[in-house]
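Examination of the molecular architecture
Residue strings, one per chain:
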Amino acid sequence: MNLLPFDYLGDAPDHVNGLVAIAPLIAVARATCGATLLCDTGDFLQGTPLADEIADRQLLPHPMIETFNALRYDVVTLGNHDFDYGLPYLQAALRDATAHVVSANLRTGPTSLLVAPWVIIDRIIACSDGISRLLRVGLIGFAPPQIEDWAADVLQGAVQTDDIVSAARTHLPQLRRAGADIVVALCHGGPAAGPAMPRMENAALALAALPGVDAVLMGHMHATFPGAGFNFLPDVNARRATIGGKPALMAGSNGQSLGQLDIMLAATQGGGWRVTDGRACILTPSLRAARQALRQTPLAQSLRSTLAPHHAATLERLRQPVSHAPVRLTSYLAAIGLDDTAGLLAQVQIDAIRADLRGGPYADLPVLASTAPFRAGGHGGPDHYLDIAAGPLLLRDCAAMVPFDNSICAVLRRGWQVRAWLERSSGFFQTLTPGQPDQPLLNPHVAPYHFDSLHGVSYVIDLHAPGPGSLPCEAAPGRITELTWQGVPVDDDALFIVATSTYRARGGGNLIVRQPSDTVHVTTTGLRDLLRAALRSGTAVATPQPGQWTFAPMPGTTALFPVSPRATEVLSSHTLHGVPRVTATNTAADPDGFATCRLHL
């Protein structure tokens, strides 16, 4: 829910994000084509502290919906984060939407859909022979089936989900029978590696392969397509912007850009249409254009007026002191295990779970905790890192450390499952050749928030060994060595409790496979509130803690990884567990704004 470009976690204007800044691009795109449709592929109600403030105050009409209306959106589908505030809130917000809201795989009962599965919108097309013809465009929506699990605590069984491809097979024939000439699928998911599987989170490629689909608009991954990051996938052509041979587009996230998909059509003799080609591009406003849009457009002025009291209340709340940071805390080197806040977050989770399990059958089991860096560059860009100055620790710092206030699950794991969790997580790194210089360290197909570290055990990651495959498999040995708990090698049958987020415990990122009975407890409070309470009470202190793991030595081997240009400011204050070391190799920003560091193994 990035509307006006303001970074609430950094407490500063941000001219990179914000839907209002790309509104002029929408106007230009409409003016250059005779027939257009404007769509959103989900996750529009959540994502900023301002969104939390609006939800807390139950502000209606919702400013995001009002903006959709002002920009004349035609169709939107729902994403998983649109359910984070509960179903009643979502339904209340959608009542004011003038756009059609579609989703074919979300139900409120055995035969009752949450919203309409699809819609047909008519457009008049001016053809090259001088004749204008009617085109009936069918638009059908899909959400990740995991919503049923990820949002279980707030939905309480009110929403059930179906497999995306199965739902498409059910509804596509109905859509065609209703008169759709072409069908565009709005999928809150992207293309993923590996064979199609039931209830896939990212099913766009399998969806595009269906004969009734002509084009696919994607989301969820916080990435852009066309983009080189998807070239490794079969049946994906980033140059032609096709997946499964169909025109496709993913417009990124946070209102950073407008995706434009041009579909070329041919009228058939029988009065129908066929898709002949497609072109896609990602349009991003220049900094100057974004600033002009914010000053000049009536939409921006109206939003500023509407949001002013809520913007002010959000800032007042986020600026409240919580505790004190004795040293600077950053995540500039989180990619190599040096996240200054990871140990703090792990300790808060462990303490909460130990307290809740006290006196029960699991009270005597060792408690571990998982953390993953949410602000560590990646698709978020070179400014997407934690950098908390020494001094007063504010509520906005807690929000930056914990952007998603998920509850904490206590998951029962045996030693071999702990090892498998770490093996899957090690897929964040490339496989390295010993003795070779300056190899790429990071796997560009794995986001930082899918790189878990487990606290409470010690281990070594051997990057000479091959990484895990694309399927969620619990037995993928090879990279994790010297796995110990309190100095003792971890036995395959040893029992542990792992404190982790509900998102991870319920399948997010495909890092673990678990049975429902493996979750023995879920906290009633989210991690952000647990962190705030621990800091205020003094039971947790915001200081960096020693890392839990290191890389296996590979003499003569170096690897490069992208960092913020500001990472050089903290290199001297970090020691890499006494084994590897890191140096700056290029402090100048590349075209994407990143600098480069060299890891000496």
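All figures in this text were calculated on a predicted structure; none of them were measured in a lab.

Read across the sheet, four strands follow the order E28-E27-E26-E31 without closing on themselves; strand pairing throughout is mixed. Each edge of the open sheet carries a strand with a single partner, namely strand E28 (488–489) and strand E31 (549–551). Bridging between strand E27 (residues 480–485) and E28 involves two bridges; their strand directions are antiparallel. Among the inter-strand pairings, Thr 484 is bridged to a residue of E28, identified as Pro 489. Running at roughly 135° to E27, helix H13 (residues 415–425) makes contact with strand E26 (458–461) and E27 of the sheet.

What follows covers helix H10 (residues 298–318). The end-to-end C-alpha separation of H10 is 28 Å, in line with the 30 Å expected for 21 residues at 1.5 Å each. By the largest-angle criterion, Leu 307 marks the main kink of H10, which is about 55°, and a proline, Pro 309, follows within four residues. Taken as a whole, H10 has its buried residues at Leu 299, Ala 300, Leu 303, Leu 307, His 310, Ala 313, Thr 314, Leu 315 and Leu 318.

At a minimum axis distance of 10 Å, the contact between helix H11 (residues 342–357) and helix H15 (residues 527–537) shows a crossing angle of 95°. Between H11 and H15, the angle is such that the two are roughly perpendicular. When H11 is examined against H15, the residues Leu 344, Leu 345, Val 348, Gln 349 and Ala 352 are found in contact with a partner set consisting of Leu 527, Leu 530, Leu 531, Ala 534 and Leu 535. In terms of residue class, the contact of H11 with H15 is built from nine nonpolar, one polar and no charged.

Read from one edge to the other, the open sheet built from three strands follows the order E3-E4-E5, with strand pairing classed as parallel. Among the strands making up the open sheet, the edge pair consists of strand E3 (39–40) and strand E5 (100–102). Pairing between E3 and strand E4 (residues 75–77): two bridges, direction parallel. Paired with Asp 40 across the two strands is Val 76, which belongs to E4.

Turning our attention to unusual backbone geometry. What is expected of a backbone is that most residues other than glycine have negative phi and most peptide bonds are trans. With an omega dihedral of -5°, the bond running from Leu 60 to Pro 61 counts as a cis peptide bond. Within the secondary structure layout, Pro 61 lies in the loop between helix H2 (49–57) and helix H3 (63–70). For the bond running from Phe 225 to Pro 226, omega is 15°, close enough to zero to count as cis. In the Ramachandran plot, Gln 156 falls in the positive-phi region, its phi being about 50° despite a non-glycine side chain. Position of Gln 156 among the secondary structure elements: in the loop between helix H6 (152–155) and strand E9 (160–161).

Where charged atoms from two side chains of opposite charge come close, those side chains can pair. Taken as a whole, this structure holds 21 salt bridges when the rule is applied. A salt bridge links Arg 123 to Asp 74; the nearest nitrogen and oxygen atoms lie 3.1 Å apart. Of this pair, Arg 123 sits in strand E7 (residues 118–126) while Asp 74 is found in the loop between H3 and E4, placing the two residues 49 residues apart along the sequence. Judged by its relative accessible area of 22%, Arg 123 is partly exposed. Classification of Asp 74 by relative accessible area gives buried; the value is 16%. Each of the salt bridges in this network shares a partner with another, and the network as a whole consists of Arg 328, Asp 387, Arg 566 and Glu 569.

Leu 139, Phe 142, Val 216, Phe 225 and Ile 243 are the most contacted members of the largest nonpolar core, which totals 55 residues. Elements supplying a minimum of two residues to this core: E7, strand E8 (132–142), helix H7 (164–177), strand E10 (182–187), helix H8 (204–208), strand E11 (215–218), strand E15 (246–251) and strand E17 (273–283). Dropping the residues within four chain positions of it, Val 216 is found in contact with Ala 185, Cys 187, Ala 204, Ala 208, Ile 243, Pro 247, Ala 248 and Leu 249. One finds Leu 38, Leu 50, Ala 99 and Ile 147 within the second-largest nonpolar core, a separate group that totals 49 residues.

Turning next to the side chain of Asp 82. Along the polypeptide, Asp 82 turns up in the loop between E4 and helix H4 (87–94). Comment: no salt bridge for buried Asp 82; closest opposite-charge side chain is Arg 528, at 15 Å. Among the polar contacts made by the side chain of Asp 82, one reaches the main-chain amide nitrogen of Asp 43 at a distance of 2.8 Å. In this structure Asp 82 touches Gly 42, Asp 43, Phe 44, Leu 45, Thr 77 and Leu 90, once residues within four positions along its chain are discounted.

Attention now moves to the packing of aromatic side chains. In this description, a pair of aromatic rings is defined by centroid distance and the angle of the planes. For the coordinates displayed, the defined rule picks out 17 aromatic pairs. Centre to centre, the rings of Phe 225 and Phe 230 are 5.9 Å apart; their planes meet at 75°, and the pair counts as edge-to-face. Among the residues examined, Phe 230 registers a relative accessible area of 8% and is labelled buried. Judged by centre distance (5.9 Å) and plane angle (80°), the ring pair of Phe 451 and Trp 549 falls under edge-to-face. Residue Phe 451 is found in the loop between strand E24 (439–440) and strand E25 (453–455), and its partner Trp 549 is found in strand E31; the two are separated by 98 residues along the sequence. By the burial criterion, Phe 451 is buried, and Trp 549 matches it.

Attention now moves to the environment of Leu 344. Residue position: Leu 344 is located in helix H11. For the pair formed by Leu 344 and Leu 249, sequence separation is 95 residues and the distance between their alpha carbons is 39 Å. With sequence-adjacent residues up to four places away left out, Leu 344 is seen in contact with Met 401, Leu 531, Leu 535, Ala 540, Val 541, Ala 542 and Gln 545.

Parameters and conventions
- Numbering of residues begins from 1 in every chain and follows the order in which that chain's sequence is written.
- Whole-chain, interface and lining totals are the exception, using all residues; otherwise, since this is a predicted model, local features are given only for residues with pLDDT of at least 70 and side-chain atom pairs are given and counted only at 80 or more.
- No hydrogens and no water enter the side-chain calculation; it runs on all heavy atoms of the structure.
- Strand pairing requires that DSSP identify at least two bridges connecting the strands.
- Only DSSP runs of H or I reaching four residues or more are called helices, and only runs of E reaching two or more are called strands; each is numbered from the N terminus.
- Residue contacts are counted whenever heavy atoms from the two residues lie within 4.5 Å of one another.
- Every angle, taken between N-to-C directions, lies between 0 and 180 degrees, and every axis is a line fitted to C-alpha atoms, over only the stretch in contact when it is a helix.
- One less than the residue count of a helix, multiplied by 1.5 Å, gives the span that helix is expected to have.
- Here the bend at a residue means the angle between the axes of two seven-residue stretches, the one that ends at it and the one that starts at it.
- For every residue, the accessible area (1.4 Å probe, protein chains only) is compared with the maximum for its type, and the residue is labelled buried under 20%, exposed over 50%, or partly exposed between those bounds.
- Oblique is the label for any angle not covered by the other classes, which are roughly parallel (under 35 degrees), roughly antiparallel (over 145) and roughly perpendicular (65 to 115).
- Following the grouping adopted for this structure description, the nonpolar residues are Ala, Val, Leu, Ile, Met, Phe, Trp, Tyr, Cys and Pro, the charged ones are Asp, Glu, Lys and Arg, and the polar ones are all others, Gly among them.
- What counts as a salt bridge is simple: a side-chain nitrogen of Lys or Arg found within 4 Å of a carboxyl oxygen of Asp or Glu.
- For this analysis, a nonpolar core means a set of buried residues of the types Ala, Val, Leu, Ile, Met, Phe, Trp, Tyr and Cys, connected via side-chain atoms within 4.5 Å.
- In this count, Lys and Arg are taken as positive residues and Asp and Glu as negative ones, while His and the chain termini are left out.
- Pairing of N or O atoms within 3.5 Å defines a polar contact, subject to two protein rules: one partner must be a possible hydrogen donor and the other a possible acceptor, and residues neighboring in sequence count only if both atoms are side-chain atoms.
- Stacked, tilted and edge-to-face are the three classes applied to pairs of Phe, Tyr and Trp rings, where Trp contributes its six-membered ring and a pair requires centres within 6.5 Å; stacked means planes under 30 degrees apart, edge-to-face means over 60, and tilted covers the rest.

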